[in-house]
Amino acid sequence: VYNPLHHGADPTKKYPILMWFHGATNALAGDVRINYSGAELYASPKYQESMGGGAFIVVPFANEKRLENGDVVGGWAEEYIEPVKALFQKVCQTYENHISKRFVFGQSSGAHFNWQFTTAHPEVMDVSVIIAGRGVPSDEALDKIEAQGVTLFIAHGKRDELISFEQEIAPRIPKFKSMRKCVCFFPEWV
């Protein structure tokens, strides 16, 4: 957890909190795994200043393991939803007088997990950012997310080679467009 109050942020102001779910195998990179989450960028003085003087950053890591044959097991799974929620709520409650908006980000397999997390607990966030993730929930689940007031930001490259835009995203665009608080960003290339 990065705490802007420990780095000179004004304790009389409120700051956003960002929680980031990394992509597959990123937790296996040892000490540099934080780099794969983008957290080193978010914690940089330049980024913190661009956030209005600071942001809280929470970066949980999936339980991944590389086997002797090179296969990777573990990763973001449904059983992590409640522990991750508890972690996020603990940080939010600890600093509730200093937190403004609550953002949850996910990229690739972390985005898939973020879809599950957002569907299960839209009440714990203000914004959910899904970057190149599969597993778009049902229309009913999207309606529940919208009813909770969550803004969805969905980003996915049209030429994504790992997660097909045509299969995962294109069929759902009409639903996304019908939602009041859904922003879509679909560039050709990423």
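Residues numbered from 1 in each chain as written. Predicted model: local features only at pLDDT ≥ 70, side-chain atom pairs only at ≥ 80, totals over all residues. Heavy atoms only, no water.

A word on the pairing of strand β6 (residues 127–131)
For step 1, the next point in the chain: Across the five residues of β6, four count as buried, placing the element largely inside the fold.
For step 2, the next point in the chain: Two strands pair when backbone bridges link them, and strand β5 (residues 99–107) and β6 are joined in this way by five bridges, in the parallel orientation. Among the inter-strand pairings, V104 is bridged to a residue of β6, identified as S128.
For step 3, the next point in the chain: In this fold, β5 hands off to helix α5 (residues 109–120), which returns the chain to β6; that crossover is right-handed.
For step 4, the next point in the chain: Bridging between β6 and strand β7 (residues 151–155) involves five bridges; their strand directions are parallel. Across the sheet, residue I131 finds its bridge partner in β7, namely A155.
For step 5, the next point in the chain: With helix α6 (residues 139–147) bridging β6 and the parallel β7, this β-α-β connection has right-handed handedness. (Buried < 20%, exposed > 50% of the residue type's maximum accessible area, 1.4 Å probe, protein only. Helix = DSSP H or I, 4+ residues; strand = E, 2+ residues; numbered from the N terminus. Pairing = 2+ DSSP bridges. Right-handed = clockwise from strand over helix to strand, strands pointing away.)

Comments concerning the side chain of Q48
For step 1, the next point in the chain: Relative to the helices and strands, Q48 is located in helix α3 (residues 45–50).
For step 2, the next point in the chain: Among the polar contacts made by the side chain of Q48, one reaches the main-chain amide nitrogen of A55 at a distance of 2.8 Å. (Polar contact = N/O pair within 3.5 Å; in protein donor to acceptor, adjacent residues only side chain to side chain.)

Description of the layout of surface pockets
For step 1, the next point in the chain: By volume, the largest pocket amounts to about 310 Å³.
For step 2, the next point in the chain: For the lining of the largest pocket, a count of residues per class yields 10 nonpolar, four polar and four charged. (1 Å grid on protein atoms, 1.4 Å probe; cavity = no way out; pocket = protein on both sides within 12 Å on 5 of 7 lines; lining within 4 Å. Points joined across faces, edges and corners; volume = space filled by probe spheres on them. Nonpolar A, V, L, I, M, F, W, Y, C, P; charged D, E, K, R; others polar.)

Section: α6
For step 1, the next point in the chain: Listed as buried for α6 are A141, L142, I145 and E146. Considered in projection along α6, the buried side chains sweep an arc of 140 degrees and stay on one side of the axis. Residues of α6 that are exposed and point more than 90 degrees away from the buried face comprise E140 and A147.
For step 2, the next point in the chain: Buried positions along α6 lie against α5, β7 and α8 (173–178).
For step 3, the next point in the chain: Of the residues flanking the end of α6, it is G149, one or two places downstream, whose phi is positive at about 90 degrees. (Arc of directions from axis to C-beta. Contact = heavy atoms within 4.5 Å.)

Some remarks on α5
For step 1, the next point in the chain: The terminal C-alpha atoms of α5 lie 17 Å apart, and with 12 residues this matches the ideal 16 Å at 1.5 Å per residue to within 8%.
For step 2, the next point in the chain: Of the positions making up α5, those classed as buried are G110, A111, F113, N114, W115, F117 and T118. (Expected span 1.5 Å × (residues − 1).)

Some thoughts on the sheet that holds strand β8 (residues 182–185)
By way of backbone hydrogen bonds, the strands of a sheet pair with one another, either parallel or antiparallel.
For step 1, the next point in the chain: With respect to topology, six strands assemble into an open sheet ordered β2-β1-β5-β6-β7-β8, the strand pairing being parallel. Bordering the open sheet on either side are β2 (56–58) and β8, each of which pairs with just one other strand. Taken pair by pair, the neighbouring strands of this sheet meet at an average axis angle of 15 degrees, ignoring direction.
For step 2, the next point in the chain: In the sheet, β7 pairs with β8 via four bridges, with the strands oriented parallel. Bridging across to β8, I154 finds its partner in C184.
For step 3, the next point in the chain: Most of the contacts of α5 go to β5, to which it runs at about 130 degrees, and overall it touches β1 (15–21), β5, β6 and β7. (Axes fitted to C-alpha atoms, helices over the stretch in contact; angles between N-to-C directions.)

Remarks on the pattern of salt bridges
For step 1, the next point in the chain: Applying the stated criterion across every chain yields a total of seven salt bridges.
For step 2, the next point in the chain: The shortest N-O distance in the salt bridge between R172 and D139 comes to 2.5 Å. Taken together, the residues R172 in the loop between α7 (165–168) and α8 and D139 in helix α6 connect sequence positions 33 residues apart.
For step 3, the next point in the chain: Its relative accessible area of 17% is what places R172 among the buried residues.
For step 4, the next point in the chain: Taken together, the shared-partner salt bridges in this structure form one network comprising K158, R159 and E188. (Salt bridge = Lys/Arg side-chain N within 4 Å of Asp/Glu carboxyl O.)

Things to note about the packing of aromatic side chains
For step 1, the next point in the chain: Considering all chains together, one arrives at 11 aromatic pairs under this definition.
For step 2, the next point in the chain: Here F21 and W76 contribute two aromatic rings whose centre-to-centre distance is 5.2 Å and whose plane-to-plane angle is 65 degrees, an arrangement assigned as edge-to-face. Taken together, the residues F21 in strand β1 and W76 in the loop between β4 (72–74) and α4 (81–94) connect sequence positions 55 residues apart.
For step 3, the next point in the chain: Given a relative accessible area of 14%, W76 falls into the buried group.
For step 4, the next point in the chain: Taken together, the ring pairs connect F21, W76, Y80, F113 and F117 into an aromatic cluster. (Phe/Tyr/Trp six-rings, centres within 6.5 Å; stacked < 30°, edge-to-face > 60°.)

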